[in-house]
Amino acid sequence: MRTIDETINRKDSNESPCDPSGETALFFAGLDIGSTATKAAIIHGVSKEVVAVAERATGWAPKEAAREALEDALSKLDVPGALISRTVATGYGRKMAAADKQVTEISCHALGAKHLVPEAMTVLDIGGQDSKMIALDEQGNVRDFLMNDKCAAGTGRFISNMATALGIDLDEFGVFAAKGTPVPISSMCAVFAESEVIGLTASGASREDLAAGIVVSIAKRLTSLAGRISFTPTIAFTGGTARNAELAKCFSEAIGVELNTPVLAPFAGAIGAALIASR
Amino acid sequence: MSYTSIDKLTTRAEKNPLEVAQAKEKGTKVFGFYCLYSPVEIALAAGGIVVGLCGTRNDPIPAAERTLPRNLCPLIKSSFGFAVEDSCPYFKSADLIVADSTCDGKKKMFEQMAEIKPLHLMYLPHNQELDVTGPFWEGEVVRFKERVEQECGINITDEMLKEAIKLTNREAAALKGLMDLNQQNPAPISGMKMMEIVFKSGFFASKQESVECLEAIVDEVGKAPQEETKQGPRVIISGVPMGLGSHKVCQLIEEAGGVVVAFENCTGYKKTMQVDTEKAPITALAEKYLATPCSIMSPNPGRIDLLNTMIADFKADAIVDLTWQACHTYNVEAENIRKYVQDDKKMPYLHIETDYSDADTEQLRVRIEAFLEMIG
Ligand code: SF4
Ligand code: SF4
């Protein structure tokens, strides 16, 4: 698997990010200001290829995080005199960023995912505070979508809370889960599940088995969320969780459907925003 | 655009609590109604004042939750909260509360409300077609008439009923005229404004007067030339009743650039049904009210018929189906509505389950904005 930098680093390749006419190319930027992470993506105005991405923790200053992520992406772009013609912001903090337009993460994730996985008909996005399933049409337009409402069950936040309860970090979570045999976790409420997990640890369950159990319980939740939007293949798996290859694999197994996780999955929203900016 | 007739109704409505209280002092009986199934004509025929009591605000809910379960429809909790707090001037004025055995939550709440105020419960059958249900319901209408007669100390004749029906039919026609203004494109009255007008017209001491106000609005707005402004997707809100205080979803849709052209609910288009004047008044009343296409009926085919007509008449682009949290009937029925809208009508459909609080406003905003973006 190629890394993100290998995927988008145009410097080593023969293609120039400038358009064939040799004039200064135009670029478009997308900002995805999520509850946990803020992502920036820059695409080439003509080829629509992703030429740079960058990420920052959103922290308590989403506006700052957005500015820094964009500057960071620009510095990676390394094209003298590069111009960002338009910026579109998405994500829960979209209204706080200095951008030309704000678009919801549903539309942006859909477009971004379709760009990364052209054959995708469904997008599964597990974000920091909400999970969504989006059904696409052939053009990548949103046909229907579902979002978890009411609570954090089945979201990235839930997974990171559980990781904390197990005393492992988020990156290790997938590795642990892949090794374990799922222990049934009955509670989907972030607070109750935490006490359940602590109770199970006390009664001797291994962290591997618990991590595997948590993945299964989230998968069940997602399957019920899916209810009326069927898992029509190909499914593009996006959002922060998709970065974790082991975790993505566990999810794919637990849901029983193959998930296509592009390297740039966490940036799908920002890429979609950049694509809208380029229209 | 502002209209003098609309301003007149809304300012005029401010005097309502006082006027109701004054009329009551002079001996006029005040009847508080909760639901669209209750025949207001009977109270009007007896010379009573009818006020549509509401449960559309969030603030009385904590008081209600002292006795009612938290996991109950906000409309029921709000209605009850106003009663226990005695914070609604209309509830305060009411001599008799008229209630219907609609959904389980309401029905059981009324048992508790009956301890606060005299309350007459009408037993509503939950089927509109069976041979037994029509006569049963007509019997309930008669029983209600007898209660009103006893309350007011008079005999209600057919003639009196016919007069009252004439007035409510005029009201229904005025409301229909008002709501139908939005069949135009662009729609002249925003969803929020429409809701305010209809809501405020429900609390007048004199029905005659509120009807005149409504007719004036239909006349003025109907004649006014409409500016050719570009408007967003035309949305029909379907589902549970909503009013001032529980307008969150309507407001979010309009803030996101949609136009709420009509309401397929009890605070909207369902108020526009006519009573048949050819039939004996009690029979005609019973028939009209039983035909209300509410989700507490099983089955409830009337709602699909109504939606079908409204989608065509209002040239709707999308349906937003609203359910109050813990409203089982509308929540379960949402699946039928979704199938009908998405599969048969091939139209975008969004189901929202929420309550009166602001807790989910931002999440709802994302869903509604995304829904409107999807329509394009
Ligand atoms: S929705 Fe049903 S129960 Fe509620 S007011 Fe309307 S008719 Fe009555
Ligand atoms: S909204 Fe539903 S639960 Fe609430 S009072 Fe009406 S029918 Fe009952």
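One structure accompanies this document, and this report is about it. Quick caveat: nothing in here was measured; it's all calculated off a predicted structure.

It is worth spelling out the site of ligand 1 at this point. Close to ligand 1 lie Cys35, Leu36, Tyr37, Thr102, Lys106, Pro241, Cys266, Cys294 and Tyr330 of chain B. Considering only residue class, the shell around ligand 1 consists of seven nonpolar, one polar and one charged.

Before going further, it helps to spend a moment on the environment of isoleucine 126 of chain A. Topologically, isoleucine 126 of chain A is positioned in strand β6 (residues 122-126). Separated by 115 residues in the primary sequence, isoleucine 126 of chain A and threonine 241 of chain A place their C-alpha atoms 6.1 Å from one another.

A few words now on the nonpolar core. The biggest cluster of nonpolar side chains holds 141 residues, and the ones touching the most others in it are Phe145 of chain A together with Met113, Leu178, Ile236, Met242 and Val249 of chain B. When near neighbours in sequence (up to four residues on either side) are disregarded, phenylalanine 145 of chain A contacts Ile106, Met133, Ile134 and Ile229 of chain A together with Leu350, Arg367, Ala370, Phe371 and Met374 of chain B. Among the nonpolar cores identified, the runner-up in size contains 41 residues, and Met133, Leu166, Ile185 and Ala248 of chain A belong to it.

So, about the packing of aromatic side chains. Residues and elements named next belong to chain B. Evaluated as defined, the whole model comprises seven aromatic pairs over all chains. A centroid spacing of 5.3 Å and a plane angle of 65° characterise the contact between phenylalanine 199 and phenylalanine 203, whose relative ring orientation is edge-to-face. Members of the aromatic cluster, connected to one another through ring pairs, are Tyr90, Phe199 and Phe203. Lying over the aromatic face of phenylalanine 91, lysine 117 brings its terminal NZ or CZ to 5.3 Å of the ring centre. We note lysine 288 situated over the ring of tyrosine 289; from NZ or CZ to the ring centre the distance is 4.5 Å.

Time to look at the site of ligand 2. Surrounding ligand 2, one finds Cys73, Ile76, Cys103, Lys106, Val240, Trp324, Cys327 and Thr329 of chain B. Of the residues in the shell around ligand 2, the class split is six nonpolar, one polar and one charged.

Residue and element names in this part refer to chain B. Structurally, threonine 10 is set in helix α1 (residues 4-13). By relative accessible area, threonine 10 is classed as buried at 11%. Threonine 10 has contacts with Glu196 and Lys200, leaving out every residue within four places of it along the chain.

Further remarks concern the interface of chain A and chain B. In this assembly, 17 residues from chain A lie in contact with 13 residues from chain B. Across the interface of chain A and chain B, roughly 1300 Å² is buried in total on both sides, 52% from carbon and sulfur atoms. At the boundary of chain A with chain B, the tally comes to two salt bridges. Salt-bridge contacts for arginine 94 of chain A lead to glutamate 369 of chain B; the nearest nitrogen and oxygen are separated by 2.4 Å. Every element with two or more residues in the side of chain A that touches chain B is listed here: α3 (105-116) and β8 (142-147) of chain A.

To continue, consider the pattern of salt bridges. According to the stated counting rule, one finds 37 salt bridges over all chains in the structure shown. Connected through salt bridges with shared partners, the residues Glu264, Lys270, Arg303, Asp321 and Glu333 of chain B form a single ionic network.

The amide bond that connects proline 233 of chain A to the next residue, threonine 234 of chain A, takes the cis arrangement and shows omega of 0°. Its place among the elements puts threonine 234 of chain A in the loop between α7 (207-226) and β9 (235-238). Here serine 298 of chain B and proline 299 of chain B are connected by a cis peptide whose omega angle stands at -5°. Within the secondary structure, proline 299 of chain B is located in the loop between α13 (281-290) and α14 (301-313). In this structure, lysine 315 of chain B is a non-glycine residue whose phi angle is positive, near 45°. When you line up the elements, lysine 315 of chain B lands in the loop between α14 and β7 (318-324).

About the criteria used
- Residues numbered from 1 in each chain as written.
- Chains lettered and ligands numbered in written order.
- Predicted model: local features only at pLDDT ≥ 70, side-chain atom pairs only at ≥ 80, totals over all residues.
- Heavy atoms only, no water.
- Near = heavy atom within 4 Å.
- Nonpolar A, V, L, I, M, F, W, Y, C, P; charged D, E, K, R; others polar.
- Helix = DSSP H or I, 4+ residues; strand = E, 2+ residues; numbered from the N terminus.
- Core = buried A, V, L, I, M, F, W, Y, C linked by side-chain atoms within 4.5 Å.
- Buried < 20%, exposed > 50% of the residue type's maximum accessible area, 1.4 Å probe, protein only.
- Contact = heavy atoms within 4.5 Å.
- Phe/Tyr/Trp six-rings, centres within 6.5 Å; stacked < 30°, edge-to-face > 60°.
- Lys NZ or Arg CZ within 6 Å of the ring centre and 35° of its normal.
- Buried area = accessible area lost by both parts, 1.4 Å probe.
- Salt bridge = Lys/Arg side-chain N within 4 Å of Asp/Glu carboxyl O.

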